[in-house]
Structure formats: C-alpha cells, structure tokens
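Residue-level structure breakdown
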Amino acid sequence: MWFRKQKANKEERHSRKNQEAQRSKEELSSLEKAKQEYDLWVLAEEYEEYER
C-alpha cells in the first residue's frame, strides 16, 4: 500500500511537471509571435517613412 501511494505521488509530480513545461512552451511561442508582429510593424513604419 505504501508503495502504491509513493508511486501515485511520483506520477502526479511528473504529470504536473509536464503540464508546467507545456505551459512554458505555449507562453514562449506566444511571446515569439508577438515579437514577430512587432518587428513587422516596425518594418512597415520604417517603410512608410522611407516612402515619404
């Protein structure tokens, strides 16, 4: 019984760790996407000023 409880706790910690890692990846990808959009916006602004 003790072993089952230990194994369940270990699996729960492992599952939680995987969820946190997945969440970090999602946050990073949204941050990267925002940076790309900002870079494109800056590029467009520079192009408009160049055209003037």
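You'll find the structure just up there.
In short, a report on the structure. The shown structure was predicted, so the numbers you read here are calculated from the model rather than taken from an experiment. (Residues numbered from 1 in each chain as written. Predicted model: local features only at pLDDT ≥ 70, side-chain atom pairs only at ≥ 80, totals over all residues. Heavy atoms only, no water.)

A word on the overall build of the chain. Of the regular secondary structure elements, the chain holds 1 helix and 0 strands. Its C-alpha atoms give the chain a radius of gyration of 23 Å, more than 25% over the compact-globule value 10 Å for 52 residues. Residue burial in the chain is summarised as follows: out of 52 residues, 0% are buried. Carbon together with sulfur atoms contributes 54% to the accessible area of the chain, which is approximately 5,700 Å² in total. (Helix = DSSP H or I, 4+ residues; strand = E, 2+ residues; numbered from the N terminus. Rg over C-alpha atoms; globule rule 2.2 N^0.38 Å. Buried < 20%, exposed > 50% of the residue type's maximum accessible area, 1.4 Å probe, protein only. Areas by Shrake-Rupley, 256 points an atom, 1.4 Å probe, with all protein chains shown as cover.)

Taken together, the side chains of Glu45, Glu46, Glu48 and Glu49 define an acidic patch exposed on the protein surface. The residue glutamate 46 is located in helix α1 (residues 2–51) in this model. (Patch = residues over 30% accessible without salt bridge, like charges linked within 9 Å, V, L, I, M, F, W, Y side chains within 5 Å. Salt bridge = Lys/Arg side-chain N within 4 Å of Asp/Glu carboxyl O. Lys, Arg positive; Asp, Glu negative; His and termini not counted. Charge placed at Lys NZ, Arg CZ, Asp CG, Glu CD.)

With respect to the helices, strands and loops of the structure, valine 42 is situated in helix α1. Valine 42 sits in the partly exposed class, given a relative accessible area of 24%. Between the C-alpha atoms of valine 42 and tryptophan 2, which are 40 residues apart in sequence, the distance is 60 Å.

Here we come to the pattern of salt bridges. Across all of its chains, the model carries 2 salt bridges by this definition. Its salt-bridge partner being aspartate 39, residue lysine 35 comes within 3.0 Å of it at the nearest N-O pair. Note that lysine 35 and aspartate 39 are positioned in helix α1 at a spacing of 4 residues, about one turn of the helix. On the basis of relative accessibility, which here comes to 37%, the residue aspartate 39 falls in the partly exposed class.

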